[in-house]
Amino acid sequence: MSKFTKKKDSGLPAVNTASLPDIVFMLLFFFMTVTVMKDNTLKVRNDLPNASETKKLEKKDRVIYIYVGAPESQYQSKFGKEARIQLNDKFSSPSDVGGYILEERAKKSQDLQNVLTVALKVDKEANMGLISDIKHELRKVNALKVNYTTYDGDAFNNLQ
Amino acid sequence: MARRGAPAEVNAGSMADIAFLLLIFFLVTTTIETDAGLDRMLPPIEPPTEKPPIIKEKNIFTVNINRNGQLLVEEEITDIRKLREKAIAFLDNGGAPSGSLDYCSYCKGKRLGDSSDSPAKAIISLKNDRETKYSTYITVQNELVGAYNDLRNREAQRLYGRDFTSMEADYLDPETDSNVKDDLKEKVKRIQELFPQKLSEAETDTTN
């Protein structure tokens, strides 16, 4: 009889947490693999315009970024309020663009060098003069594929 | 050398904590984003000896943006919201008479004599001032690309029963199956040939 009475339940058994590290590690590896570290801090204001007919910029390894916009407030005393170009981490002039593109292109592997896209991340408020200068420089170094990076949205929102 | 036997077990209880710490770090730094934007090809720099090709006036659709963001389309002040409509009318005009080499059988336009001969001949010329705002420029670009996409969608619907834009997105998507891609490549190319994107951008003016 004691055989049956011995199993006296004393509350709920504790949940086994031995597999918790495994689960967490799984999540950890997921995030580790998908993480793209932000490689440069933006020193310019970068409020992109909207556009509806966009195409996705796949394959990040084939993209060279150029940022354009008015310097952030802490840099304004030094660089002024007019839109400037940011290449990697520094403010640059249009004449530096060609050299930068060649430098970045040389860093990429041989088979990617001909399929690179230049993503222009330009602030809404920038003037076309600067963009034209950049485009001219890009044409000089034969980097002809450009992508005007935008947010998805109604293009007419830009006009306000 | 005092004790021999099984080595003491390492306490793994804090492993979860460490993993959590790392997890949270990566969670915070992760940015899962794909940029999107308007793809454009810049024209290569022509050697100065080469003569520019002669293009008929009627095959050029001029768009001028001034510094205040106003639009001059074909010498007429136009609201930016009407630009797409006008561009479609121009591209889809198909003015060449039937039987001629340029005759456009799929065009649904008005076939006016003083507008473009065929989509293959039609060129959109975009000109902007140095002080034009970038946002206006993007809106205009968006509308012009939109005009092409509308027409291409129409043809893709007629020929293949689906939109050109979705076909192209699938084609460019790296996750699409390769034999699906081959099939799409053909179709995308065909549609692109029906309405080739000829968008020329002149050097910006400093004068006006």
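Here the structure is a predicted model, which means the values were calculated and not measured.

A. View of helix α5 (residues 128-140) of chain A. All names here are of chain A. Taking 1.5 Å as the rise per residue, α5 with 13 residues should run 18 Å; its terminal C-alpha atoms sit 18 Å apart, in good agreement. Within α5, the full set of buried residues consists of Met128, Leu130, Ile131, Ser132, Ile134, Lys135, Glu137 and Leu138. Positive backbone phi, approximately 60 degrees, marks asparagine 142, located one or two places after α5.

B. Local environment of the packing of helix α4 (residues 94-107) of chain A against α5 of chain A. Residue and element names in this part refer to chain A. Contact pair α4 / α5: the axes reach a minimum separation of 8 Å and the direction vectors enclose 35 degrees. Remark: the crossing between α4 and α5 carries right-handed chirality. Of the residues in α5, those in contact with Pro94, Val97, Gly98 and Ile101 of α4 are Leu130, Asp133, Ile134, Glu137, Leu138 and Lys140.

C. Structural view of the pairing of strand β6 (residues 117-122) of chain A. Residues and elements named next belong to chain A. Here β6 lies mainly inside the structure; five of its six residues are buried. Direction of pairing for strand β3 (residues 63-69) relative to β6: parallel, over a ladder of six bridges. Across the sheet, residue tyrosine 67 finds its bridge partner in β6, namely lysine 121. Taken together, the three bridges between β6 and strand β7 (residues 145-152) define a ladder with parallel strand orientation.

D. Region of interest: the sheet that holds strand β4 (residues 76-78) of chain B. Residues and elements named next belong to chain B. The strand order across the open sheet built from five strands is β4-β3-β2-β5-β6, with neighbouring strands paired in mixed fashion. The open sheet has two edge strands with one neighbour each: β4 and β6 (199-201). Looking at each pair of strands side by side, their axes are set apart by 25 degrees on average, direction ignored. Taken together, the three bridges between strand β5 (residues 123-128) and β6 define a ladder with parallel strand orientation. Bridge pairing in β6 places isoleucine 124 opposite leucine 199. Contacting β2 (60-65), β3 (71-73), β4 and β5, helix α2 (residues 83-91) crosses the sheet at an angle of about 20 degrees to β3.

E. Looking closely at the packing of helix α4 (residues 164-172) of chain B against helix α5 (residues 178-194) of chain B. Residues and elements named next belong to chain B. It is at 9 Å that the axes of α4 and α5 come closest, and there the two elements cross at 135 degrees. Between α4 and α5, the crossing angle belongs to the class labelled oblique. Every pair of crossing elements has a handedness; the one defined by α4 and α5 is left-handed. Of α5, the residues touching α4 (which contributes Phe164, Met167, Glu168, Asp170 and Tyr171) are Lys181, Leu184, Lys185, Lys187, Val188 and Ile191. The class makeup of the residues in the contact of α4 with α5 is six nonpolar, no polar and five charged.

F. Highlighting the nonpolar core. In this structure, Ile66, Val68, Val118, Leu120 and Ile134 of chain A together with Ala87 of chain B are the most contacted members of the largest nonpolar core, which totals 58 residues. It is helix α3 (residues 134-160) of chain B that provides the largest number of residues to this core, a total of ten residues. Ignoring any residue separated from it by four or fewer positions in sequence, one finds valine 118 of chain A in contact with Ile64, Ile66, Ile101, Leu138, Ala143, Lys145 and Val146 of chain A.

So, how was this worked out
- Residues numbered from 1 in each chain as written.
- Chains lettered and ligands numbered in written order.
- Predicted model: local features only at pLDDT ≥ 70, side-chain atom pairs only at ≥ 80, totals over all residues.
- Helix = DSSP H or I, 4+ residues; strand = E, 2+ residues; numbered from the N terminus.
- Expected span 1.5 Å × (residues − 1).
- Buried ≥ 20, exposed ≤ 12 C-beta atoms within 10 Å, placed from the backbone.
- Axes fitted to C-alpha atoms, helices over the stretch in contact; angles between N-to-C directions.
- Left-handed = near helix turned anticlockwise from the far one by under 90°.
- Contact = placed C-beta atoms within 7 Å.
- Pairing = 2+ DSSP bridges.
- Parallel < 35°, antiparallel > 145°, perpendicular 65-115°, else oblique.
- Nonpolar A, V, L, I, M, F, W, Y, C, P; charged D, E, K, R; others polar.
- Core = buried A, V, L, I, M, F, W, Y, C linked by C-beta atoms within 7 Å.

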